[in-house]
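Understanding the architecture of this molecule
The primary structure of each chain is shown beneath.
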Amino acid sequence: MVAISYEDIVKVPKALLHDHLDGGLRPATIVELAAEVGHELPTTDPAALGVWFTEAANSGSLERYLETFAHTVAVMQTPAALRRVARECALDLAADGVVYAEVRFAPEQHLEQNLTLDEVVDAVVTGFREGSALAAEAGTPIRIGTLLTAMRHAARSQEIAELAVRHRDTGVVGFDIAGAEAGFPPTRHLDAFEYLQRENFHFTIHAGEAFGLPSIWQAIQWCGADRLGHGVRIVDDITPGNPPVLGRLAAYVRDKRIPLELCPSSNVQTGAAASIADHPIGLLRDLRFRVTVNTDNRLMSGTSMSREMALLVEAFGYGWKELQWFTINAMKSAFIPFDERLRIIDEVIKPAYAELIG
Ligand SMILES: O=c1[nH]cnc2c1ncn2[C@@H]1O[C@H](CO)[C@@H](O)[C@H]1O
Ligand SMILES: [Zn+2]
């Protein structure tokens, strides 16, 4: 088998469903924006700041990992800053060969300068549109859908769900909840999820990352999540053996083809997995769950879609067939209309991988 080079992984089309806008800023942009608003950073050297983020996020705990976001959220409080960060996000993903991305952020965290929630969303969506247009000009087209996140410890999920539905025709394709998982079960936000279902809207829920099966069970069976943000702890319902035995919840998730938005590097940093080689993605792929590969927070993990795939190639010996399978799984699970998903699979993804698979 021909070795897979990192450069080839960058070139091949990739689809990304789980990426946080406030977890993917360029360090140099943080330094510039922080100087403008007088926010104090741990260091103002962009390279050292990038290292600071990955080291601080490398804490083995989700709660401590999340503390690092104070420095990104602080510099994303004006329409100009939000628009710039979104534009650069689109450009960075496109340059990494991502052809479809859903990028999420929590509008309620960007109100410190008295913007309205709608103004926050408008600024981000405009930035994505600008970045996508520039990327197309540069010969690396990308389609970006926005997901609006509500913070699970707060009490604004209904408002954010309504905000998402209000912007559904101008770039927002779904809803999510994020933040510390332990002590904040998804059922706290049941009203929001029931509202979204009545609106025929799409949502994913961060579940089964820092907390186990009860969170996943609630997200699916009480809240009606279309996908699981992480969901990696579903392995707690699988008894190892030859063959492994699936419990009822794991069987349900696999039978219903519920997409798992797995984020290998992020899980190693928060302690959800000991290493990439030990990450349950290997088992879950072998068992043919609807597995997708994601970045979560490119800044905090010092990563990219290509790097996540390269790490999996190295740890599990995956080839182009597996990388295509992850990519098509993601595209099938996207929140944009079915015909648009099919078009990207048939016209963009399959032809590119066919050349490599032969
Ligand atoms: O992996 C994660 N698990 C839970 N919450 C997260 C994760 N990554 C980021 N956020 C949270 O989502 C907010 C909106 O983007 C971020 O500010 C962060 O607090
Ligand atoms: Zn996340």
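Every chain is numbered independently, its residues counted from 1 as its sequence is written. Working convention: letters from A go to chains and numbers from 1 go to ligands, in the order in which they are written. Local features are withheld for residues below a pLDDT of 70 in this predicted model, meaning they are given only at 70 or higher, and side-chain atom pairs are given and counted only at 80 or more; totals for whole chains, interfaces and linings count all residues. Each side-chain value is derived from all of the structure's non-hydrogen atoms; neither hydrogens nor water enter the calculation.

Attention now goes to the side chain of His110. Labels follow the DSSP assignment, with helices taken as runs of H or I lasting at least four residues and strands as runs of E lasting at least two, numbered in each case from the N terminus. Its place among the elements puts His110 in the loop between β2 (98-105) and α7 (117-137). Polar contact criterion, stated in full: a pair of N or O atoms within 3.5 Å, where within protein one must be able to donate a hydrogen and the other to accept it, and residues adjacent in sequence count only if both atoms are side-chain atoms. Here the side chain of His110 touches Met76 through a polar contact of 2.7 Å, landing on its backbone oxygen.

So, on to the side chain of Thr29. Relative to the assigned elements, Thr29 resides in helix α2 (residues 27-37). Exposure remark for Thr29: the relative accessible area of 3% places this residue in the buried category. Engagement of the side chain of Thr29 in a polar contact is seen with the side chain of Arg84, the distance being 3.4 Å. A simple rule labels every residue: compare its accessible area, found with a 1.4 Å probe on the protein chains alone, to the largest value its type can have, and call it buried under 20%, exposed over 50%, or partly exposed in between.

Turning our eyes to something else, we now look at the coordination of the zinc ion (ligand 2). Metal coordination here is assigned from N, O and S atoms located within 2.8 Å of the ion, or within 3.2 Å for Na, K and Ca; omission of water means that sites may look incomplete. Within the protein, His18 (NE2), His20 (NE2), His206 (NE2) and Asp296 (OD) serve as the donor atoms for the zinc ion (ligand 2), at 2.1 to 2.2 Å. Of note is the zinc ion (ligand 2), whose four donor atoms meet at the metal with angles of 84 to 171° in an arrangement that counts as irregular. Working rule for geometry: tetrahedral if four donors all subtend angles between 85 and 135 degrees; square planar for four, octahedral for six, if opposite donors exceed 155 degrees and the others stay between 65 and 115; irregular in every other situation.

Time to look at a positive patch on the surface. Patch criteria: residues need more than 30% relative accessible area and no salt bridge. Like-charged residues are merged within 9 Å; nonpolar side chains of Val, Leu, Ile, Met, Phe, Trp and Tyr are merged within 5 Å. Each accessible area is a Shrake-Rupley estimate made with a 1.4 Å probe; only the visible protein chains count as cover when residues are assessed. One speaks of a salt bridge when a side-chain nitrogen belonging to Lys or Arg is within 4 Å of a carboxyl oxygen belonging to Asp or Glu. The positive count covers Lys and Arg only, the negative count covers Asp and Glu only, and His and the chain ends enter neither. Where a charge lies is defined by one atom per residue type: Lys uses NZ, Arg uses CZ, Asp uses CG and Glu uses CD. Together, Arg257, Arg288, Lys332 and Lys350 give the surface a local cluster of positive charge. When you line up the elements, Lys350 lands in helix α17 (residues 338-357).

UniProt positions are given in the numbering used here, feature names are shortened, and annotations may be inferred rather than shown by experiment. Mapped onto this structure's residue numbering, the UniProt feature "active site" (unreviewed entry) falls at Glu209. As for its position among the elements, Glu209 is in the loop between β5 (204-207) and α10 (213-222). On the basis of relative accessible area, Glu209 is assigned to the buried category, the value being 6%. Contacts of Glu209, omitting those with residues within four sequence positions, involve Leu62, Glu181, His230, Val232, Arg233, Ser266, Asn267, Thr270, Ala272 and Asp296. Two residues qualify as a contact provided that any one of their heavy atoms is within 4.5 Å of a heavy atom in the partner residue.

With that settled, the discussion passes to the packing of aromatic side chains. Two aromatic rings are characterised by how far apart their centres lie and by the angle between their planes. Aromatic pairs are defined between Phe, Tyr and Trp rings, using the six-membered ring for Trp, whenever the two ring centres lie within 6.5 Å; interplanar angles under 30 degrees are classed as stacked, those over 60 as edge-to-face, and all others as tilted. Applying the stated criterion across every chain yields a total of nine aromatic pairs. A centroid spacing of 5.4 Å and a plane angle of 20° characterise the contact between Phe316 and Tyr318, whose relative ring orientation is stacked. For Phe316, a relative accessible area of 25% gives the class partly exposed. Overall, the relative accessible area of 4% leaves Tyr318 in the buried class. Summarising the aromatic geometry, the rings of Trp320 and Tyr353 are spaced 6.3 Å apart at their centres and angled 70° between planes, so their arrangement reads as edge-to-face. In this pair, Trp320 sits in helix α16 (residues 320-332) while Tyr353 sits in helix α17, placing the two residues 33 residues apart along the sequence.

Further remarks concern the packing of helix α8 (residues 157-166) against helix α9 (residues 190-198). Here, axes are lines fitted to C-alpha atoms. For helices the fit covers the stretch in contact, and angles between N-to-C directions go from 0 to 180 degrees. Their axes nearest at 8 Å, the elements α8 and α9 cross at an angle of 20°. Between α8 and α9, the angle is such that the two are roughly parallel. Crossing of α8 against α9: the hand is right-handed. Of the residues in α9, those touching α8 at Ser157, Gln158, Ala161, Glu162 and Val165 are Asp191, Ala192, Tyr195 and Leu196. An angle below 35 degrees is read as roughly parallel, one above 145 as roughly antiparallel, one from 65 to 115 as roughly perpendicular, and any other as oblique. Left-handed describes a crossing in which the near helix is turned anticlockwise from the far one by less than a right angle; the clockwise case is right-handed.

What follows covers the pairing of β2. Across a regular strand the side chains alternate sides, sitting on one face of the sheet and then on the other. Counting buried residues along β2, eight of its eight residues qualify, which places the element largely inside the surrounding structure. Pairing between strands is defined by DSSP: at least two bridges between the two strands are required. Pairing of strand β1 (residues 14-20) with β2, which is carried by five bridges, proceeds in the parallel orientation. Each residue of the ladder has a partner; that of His20, found in β2, is Arg104. Handedness of a crossover: with both strands directed away from the viewer, a clockwise path from the first strand across the helix to the second marks it as right-handed. For the crossover from β2 across α7 to strand β3 (residues 143-151), the handedness is right-handed.

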